[in-house]
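What the coordinates show
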Amino acid sequence: FEICLPQIEEKPFASSFVNGTRPKGRFVVEPDDLGFNPGTDDWVVHYWKYPIMASDNTLTGENISSFGLNMHGYYFFWGKLKNENRFILYASYNDGSGKYTYSPIFNPDDYFRHWHSEVILRHGDVMEYWVDGVLQCQGTLTSELVPNYGTVGLSLGGYSGMVPSNSLFANITYGKYTDQWTDDYIREVYEAKIPFSV
């Protein structure tokens, strides 16, 4: 047999998952590659996430993901708030205002340094944010969303314009919403813990 184009790491593989041993970054899907428009379509995003630290290398900073570019005020974001132990789900309306929803307070020691199943969806006027099969944030949209989120699509591990957060992601799924994503199905996906043991 022959080995072609091997990838050589300077550090052992195990150290790659230790905070501070790899450069920070985010996973980005360009708008044209999403297959839907976050401002006008119904959609769902699901992934397994291992939040190691917040964007400022603490457990108190923010750990946010988004659609769009926050510097222009046109975006949809979710995640952990800065200096608060609760989740947020936000959508910007076309008139410049927005819809905020918040979760109850959670334990940061449980959230950080463990794998979690996260589901974010928009179905009609309803938006939801699930963590580990539990609905954390739910809001009803009362106005038209920004129809075009610009040149930035899906950003996982920090929204565009901020320092990326230290998080690992696995089994990222995104696309148009289907009726498959019921409350029971979201809990089933979390409980199955596929594709790895959590």
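Residues numbered from 1 in each chain as written. Predicted model: local features only at pLDDT ≥ 70, side-chain atom pairs only at ≥ 80, totals over all residues. Heavy atoms only, no water.

A look at the overall build of the protein chain
Within the protein chain, the regular secondary structure consists of 3 helices and 11 strands. In sequence order, the protein chain lays out its α and β elements as β-α-β-β-β-β-β-α-β-β-β-β-β-α. The proportion of buried residues among the 198 residues of the protein chain is 45%. Across the protein chain, every contact between residues at least 6 apart in sequence was considered, and the portion connecting residues at least 24 apart equals 66%. (Helix = DSSP H or I, 4+ residues; strand = E, 2+ residues; numbered from the N terminus. Buried < 20%, exposed > 50% of the residue type's maximum accessible area, 1.4 Å probe, protein only. Contact = heavy atoms within 4.5 Å.)

Regarding the pairing of strand β3 (residues 63-69)
The element β3 is largely enclosed, with a buried count of 7 among its 7 residues. With 2 bridges joining them, β3 and strand β10 (residues 154-156) adopt antiparallel strand pairing. Opposite F67, over in β10, you have L154 as the bridge partner. (Pairing = 2+ DSSP bridges.)

Let's talk about the sheet that holds strand β11 (residues 166-176)
With antiparallel pairing, the 5 strands of this open sheet are ordered in space as β9-β8-β7-β2-β11. Taken across any chain shown, the strands that pair with only one partner, and hence form the sheet edges, are β9 (134-140) and β11. For this sheet, the mean inter-axis angle between neighbouring strands, taken without regard to orientation, is 15°. Relative to β9, strand β8 (residues 126-131) is paired through 6 bridges, and the arrangement is antiparallel. In the strand pairing of β9, Y129 is matched with C137. Where helix α3 (residues 183-192) meets the sheet, it contacts β2 (43-53), β7 (116-123) and β8, and its direction lies at approximately 160° from that of β7. (Axes fitted to C-alpha atoms, helices over the stretch in contact; angles between N-to-C directions.)

Observations regarding the packing of aromatic side chains
What the rule picks out here adds up to 21 aromatic pairs. Seen from their ring centres, F87 and Y111 are 5.2 Å apart, and the 75° between their planes marks the pair as edge-to-face. Placement of the pair is F87 in strand β5 (residues 87-92) and Y111 in helix α2 (residues 108-111), with a sequence separation of 24 residues. One exposure class covers both F87 and Y111, and it is buried. Every member of this aromatic cluster is reached through a ring pair, and the members are F36, W43, F67, F76 and W78. Directly above the ring of Y102 sits R86, whose terminal nitrogen or CZ lies 4.4 Å from the centroid. In this structure, K193 is placed above the aromatic ring of Y190, and the distance from its NZ or CZ to the ring centre is 4.1 Å. (Phe/Tyr/Trp six-rings, centres within 6.5 Å; stacked < 30°, edge-to-face > 60°. Lys NZ or Arg CZ within 6 Å of the ring centre and 35° of its normal.)

Notes on the side chain of R122
As for its position among the elements, R122 is in strand β7. Despite its burial, R122 pairs with no opposite charge, the nearest such side chain being D42 at 4.4 Å. For R122, the side chain forms a polar contact with the main-chain oxygen of G39, separated by 3.1 Å. For R122, the side chain forms a polar contact with the main-chain oxygen of G124, separated by 3.2 Å. Here R122 is in contact with P38, G39, T40, D41, D42, W43, M127, L141, L145 and Y177, once residues within four sequence places are set aside. (Lys, Arg positive; Asp, Glu negative; His and termini not counted. Salt bridge = Lys/Arg side-chain N within 4 Å of Asp/Glu carboxyl O. Polar contact = N/O pair within 3.5 Å; in protein donor to acceptor, adjacent residues only side chain to side chain.)

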